[in-house]
Structure formats: structure tokens, C-alpha cells
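Topology and contacts: notes
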Amino acid sequence: MNLSRLLSAALLVPLDGVLLPAPPGTPSTATSVAGTWSWPLVPPHPVVEGFRAPASEYADGHRGLDLQAIPGTAVFAPYDGVVSFAGVVVDRPVLSLAHAGDVVSTVEPVAAIVGAGERVAAGQLLGHVAAGGHCADRCLHLGLRQHGRYVSPLLYLGGVPRAVLLPAR
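Residues numbered from 1 in each chain as written. Predicted model: local features only at pLDDT ≥ 70, side-chain atom pairs only at ≥ 80, totals over all residues. Heavy atoms only, no water.

**Digging into the environment of Arg92**
Along the polypeptide, Arg92 turns up in strand S7 (residues 92–99). Placed 17 residues apart in sequence, Arg92 and Pro109 show a C-alpha to C-alpha distance of 5.6 Å. The contact partners of Arg92, leaving out residues within four places of it in the chain, are Gly87, Glu108, Pro109, Gly133 and His134. Polar contacts involving the side chain of Arg92 include one to the side chain of Glu108, which spans 2.7 Å. (Helix = DSSP H or I, 4+ residues; strand = E, 2+ residues; numbered from the N terminus. Contact = heavy atoms within 4.5 Å. Polar contact = N/O pair within 3.5 Å; in protein donor to acceptor, adjacent residues only side chain to side chain.)

**A word on the packing of aromatic side chains**
Tallied over the full model, the rule gives two aromatic pairs. A ring pair is formed by Trp37 and Tyr79, whose centres lie 4.9 Å apart and whose planes are at 0°; its orientation type is stacked. Here Trp37, found in the loop between helix H2 (30–33) and strand S3 (47–49), pairs with Tyr79, found in the loop between strand S5 (74–76) and strand S6 (81–89); they are 42 residues apart in sequence, far enough to count as distant. For Trp37, a relative accessible area of 7% translates into the label buried. Ring pairing ties together the aromatic residues Trp37, Tyr79 and Tyr156, which thus form one cluster. (Phe/Tyr/Trp six-rings, centres within 6.5 Å; stacked < 30°, edge-to-face > 60°. Buried < 20%, exposed > 50% of the residue type's maximum accessible area, 1.4 Å probe, protein only.)

**Quick word on the state of the cysteines**
Applying the stated rule across the entire model yields one disulfide. Across a sulfur-sulfur distance of 1.4 Å, Cys135 and Cys139 are joined as a disulfide pair. Negative torsions about the S-S bond denote left-handed disulfides, and the value of about -80° found for Cys135 with Cys139 makes this one left-handed. Accessibility assignment for this pair places Cys135 and Cys139 in one class, buried. (Disulfide = S-S within 2.5 Å.)

**What about unusual backbone geometry?**
Omega for the peptide link from Pro43 to Pro44 comes to -5°, which places this bond in the cis form. As for its position among the elements, Pro44 is in the loop between H2 and S3. Note that the residue after Glu108, namely Pro109, is joined by a cis bond; omega there is -10°. Locating Pro109 in the fold gives a position in the loop between strand S8 (103–108) and strand S9 (110–112). Although it is not a glycine, Val90 adopts a positive phi angle of roughly 60°. Considering the arrangement of structural elements, one finds Val90 in the loop between S6 and S7. In this structure, Asp137 is a non-glycine residue whose phi angle is positive, near 65°. With respect to the helices, strands and loops of the structure, Asp137 is situated in the loop between strand S11 (125–129) and strand S12 (139–146). Classification of Asp137 as partly exposed rests on a relative accessible area of 39%.

In short, geometric facts, not functional conclusions.
Structure follows, in C-alpha cells:
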């Protein structure tokens, strides 16, 4: 086994206590930005439901964090980016931001005060929690995709400890 293949196999991405191998050739930028992102809500922002990685791309799971919030609560940009979508998906208003490093964050339900194509700065007001969504007027859902795959937002918010490989004994 060559060194690059061995290193790819050793790269692990922690997801709420479950270690899954990163896709081959996918650089892990999450650990380099952890702690530089900010929560989209002012504290306290209890997590009502955490991230649960699906077993496969189409399997059940919870692809984000549900943060306790009621309609009218201010929602802020977690990091610098460009609004890639602001509109209604099925029955709820959704806002997505494209960030550097092929990362996309999504918050819902949000009545946005920004529009597609607008640049936003970390901490900038994006809008307010709206009614509806999958947790019925009690939360804001924060999802995060890195290179097209859902990952735990805690990787970027500094809430998941970095995996450390120990030498074999």
C-alpha cells in the first residue's frame, strides 16, 4: 500500500462520536476552521436535535443541528459567504450561503432580509426565524455540506474534538 493511500485511509472525520472515513482525495478543511465560525443564534442556543450521519446518501439521518428558537428570533451568518439561495422549498423559507472551500451552510425556516448573490460577513443579520419547518415553531435547523456531503456543523463551530490517531502498540 503506497503512502498516499495509507494516509487517505487514516483520515477520519468525527461525526457526533462516530468516526467515518473521509472520501478518498477529499481534504479535511473542517478541522482547520473549527472555532472561526459562529453560531447563527445569540446564546443560549441549546441543541434540540443533533447531527446523525446517514448510513448511506439516501438513508435516514438528521443532516444538521436543530437549535432551540422561536419565530422572530434573529439569525446571523455563521461565516463570510455569498447567498446562494433565499426562497421557499416545499413549505418553508430556506437560506443557503456558499462559503470558501466548497462549503455550503443552510438555515431554515428563515424569513431572509438578504437575497441571492449578496455577499454577507460573519455575524451579519440574515433574517429571522419563520414559522413552520420540520420542528414546528421551536427551532432553527442549521445544515452544512462540505464538498457536497453533509457533515456535522459542530466540526466548524468547534464542538467536535479532533480525531487523533495513536500509534499501534
